[in-house]
Amino acid sequence: MFALSSCIQGGQQEESSSTSVLVRLFVLSCLSENQELRIMAAKPKLYYFDGRGRMESVRWLLAAAGVEYEEVLFQTAEDFKNLIKSGKLMYDQVPMVEMDGMSIVQTRAILKYIATKYNLYGKDLKERAIIDMYVEGMRDLNDMIMFFPFSLPEEKQKILNYILERATQRFFPVYEKALKDHGKNYLVGNQLSWADVQLLEVILMVEELKSDILSAFPKLQFKARVIRLPRIQKFLQPGSPRKPPVDDASFEVWRKAYNIDKNVFLQHM
Ligand code: GTS
């Protein structure tokens, strides 16, 4: 505020010969400061194909932070090529988020930036390390589900069983135990963090594959508590930017946009 008001006053000053150079310099520095403020205030812009994929966790985290954003959702390989031509994609890959004057790529980098900026990334280095361990496990599970639609029809049941086995034997027990051991409402530091938001996201994804998956995990009913948070509730309402599960149509959009082969899932396993 101080910078803004002093800039306005500075811009209104008469230029006397003795001060004109200084005033010019001052106004110039104010302009760049104002531009900086404008950049910081602009809504983040998300670039991805029109589906969940890697961007969905970014949508969830921004929603949990209460940040409004815009999306550029491409449908065709041509749209993606044009975006590459713009030179904004460091690795010619999406997700990409324009935010605070940067074009941020790499899903983890995007999520870390948002989590840090909006105080969803723990209070110190140790809490951040714990959050990282949780979210990386959730990411492993999330990736399996993300690539599931690419599996060959004859492999589908086997892969589904594998995902459910990993969810119930490897990943969910970790979060169940954490909540049980410290007896708090949230995974880390007794306040909502990136880990809670990503856990809710992945729980809902696994439930889409098997609706009673939480029956053996009473503490993961923390889900109900997180769902009740007003920002999360809003994101779960119909018409929000949340994307539906991959169906045949969105799978085709995805496949065509990146010219992906069907058996990519197996390679990622
Ligand atoms: N490590 C990157 C990240 O996490 O952001 C991987 C990004 C990535 O593979 N993106 C895919 C892509 O741009 C799109 S998607 O799989 O997320 O839908 N692929 C095109 C290419 O040429 O790699």
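In case you missed it, the structure is sitting above this.
Residues numbered from 1 in each chain as written. Predicted model: local features only at pLDDT ≥ 70, side-chain atom pairs only at ≥ 80, totals over all residues. Heavy atoms only, no water.

Draft legend 1. Inspection of the overall build of the protein chain at higher detail. Regarding its fold elements, the protein chain presents 12 helices and 4 strands. For the protein chain, buried positions account for 43% of its 269 residues. When contacts within the protein chain are restricted to residue pairs at least 6 apart in sequence, long-range pairs at least 24 apart make up 66% of them. (Helix = DSSP H or I, 4+ residues; strand = E, 2+ residues; numbered from the N terminus. Buried < 20%, exposed > 50% of the residue type's maximum accessible area, 1.4 Å probe, protein only. Contact = heavy atoms within 4.5 Å.)

Draft legend 2. Structural context of the nonpolar core. In this structure, Val58, Leu141, Phe172, Tyr175, Leu187, Leu199 and Leu220 are the most contacted members of the largest nonpolar core, which totals 77 residues. Two domains each put at least three residues into this core: domain 1 (45-117) and domain 2 (121-229). With sequence-adjacent residues up to four places away left out, Phe172 is seen in contact with Leu141, Ala167, Val202, Ile203, Val206, Ile213, Leu214, Phe217 and Leu220. (Core = buried A, V, L, I, M, F, W, Y, C linked by side-chain atoms within 4.5 Å. Domains from an automatic or database assignment.)

Draft legend 3. How the structure looks around the packing of helix α3 (residues 56-65) against helix α8 (residues 194-209). Contact pair α3 / α8: the axes reach a minimum separation of 10 Å and the direction vectors enclose 130°. For the element pair α3 / α8, the angle class is oblique. Viewed along their axes, α3 and α8 form a crossing whose handedness is right-handed. Contacts between α3 and α8 pair Glu56, Ser57, Trp60, Leu61 and Ala64 from the former with Trp194, Val197, Gln198, Leu200, Glu201 and Leu204 from the latter. Here the contact of α3 with α8 is built from residues that sort into 7 nonpolar, 2 polar and 2 charged. (Axes fitted to C-alpha atoms, helices over the stretch in contact; angles between N-to-C directions. Parallel < 35°, antiparallel > 145°, perpendicular 65-115°, else oblique. Left-handed = near helix turned anticlockwise from the far one by under 90°. Nonpolar A, V, L, I, M, F, W, Y, C, P; charged D, E, K, R; others polar.)

Draft legend 4. Local environment of the site of the ligand. Surrounding the ligand, one finds Tyr48, Phe49, Arg54, Phe80, Gln93, Val94, Pro95, Gln106, Thr107, Trp254 and Tyr258. Note that an oxygen atom of the ligand is positioned 2.8 Å from one of the side-chain N or O atoms of Thr107. Mapped onto the shell around the ligand, the elements with two or more residues apiece are β1 (45-49) and α11 (248-258). The residue makeup of the shell around the ligand, split by class, is 7 nonpolar, 3 polar and 1 charged. (Near = heavy atom within 4 Å. Polar contact = N/O pair within 3.5 Å; in protein donor to acceptor, adjacent residues only side chain to side chain.)

Draft legend 5. Geometry of the pairing of strand β4 (residues 102-105). Note that strand β3 (residues 96-99) and β4 share 4 bridges and pair antiparallel. Pairing of Glu98 across the sheet is with Ser103, part of β4. Remark: 2 residues form the turn of the hairpin made by β3 and β4, two consecutive strands paired antiparallel; Asp100 in that turn has positive phi of roughly 50°. (Pairing = 2+ DSSP bridges.)

Draft legend 6. Structural context of the packing of aromatic side chains. Taken as a whole and assessed by the stated rule, the structure comprises 7 aromatic pairs. Considering the side-chain rings of Tyr134 and Tyr175, the 5.7 Å spacing of their centres and the 85° angle between planes classify their relative orientation as edge-to-face. On the criterion of sequence distance, the pair formed by Tyr134 in helix α6 (residues 125-147) and Tyr175 in helix α7 (residues 156-182) is long-range, its members being 41 residues apart. Note on Phe172 and Phe217: the rings are 5.7 Å apart at their centroids and 85° apart in plane angle, and the pair reads as edge-to-face. One end of the pair, Phe172, is in helix α7; the other, Phe217, is in the loop between α8 and α9 (222-227), with 45 residues separating them in the sequence. In terms of burial, Phe172 and Phe217 fall into one category: buried. Here the basic side chain of Arg128 rests over the ring of Tyr121, its NZ or CZ set 5.9 Å away from the ring centre. Looking at Lys156, its charged tip hangs above the ring of Phe148, at a distance of 5.4 Å from the centre. (Phe/Tyr/Trp six-rings, centres within 6.5 Å; stacked < 30°, edge-to-face > 60°. Lys NZ or Arg CZ within 6 Å of the ring centre and 35° of its normal.)

Draft legend 7. Structural context of the environment of Val58. Locating Val58 in the fold gives a position in helix α3. Exposure remark for Val58: the relative accessible area of 0% places this residue in the buried category. Spatially, the C-alpha atom of Val58 lies 8.8 Å from that of Leu46, the residues being 12 residues apart in sequence. When near neighbours in sequence (up to four residues on either side) are disregarded, Val58 contacts Leu46, Val97, Ile110, Leu111 and Ile114.

Draft legend 8. Molecular detail of α7. Between its terminal C-alpha atoms α7 stretches 38 Å, which fits the 39 Å expected from 27 residues at 1.5 Å a residue. In the structure, α7 departs most strongly from a straight axis at Phe172, where the bend amounts to approximately 45° and where the proline Pro173 lies between one and four residues downstream. Ile159, Leu160, Ile163, Leu164, Arg166, Ala167, Phe171, Phe172, Tyr175, Glu176, Ala178 and Leu179 are the residues of α7 that are buried. (Expected span 1.5 Å × (residues − 1). Bend = angle between axes of the 7 residues up to and from the residue.)

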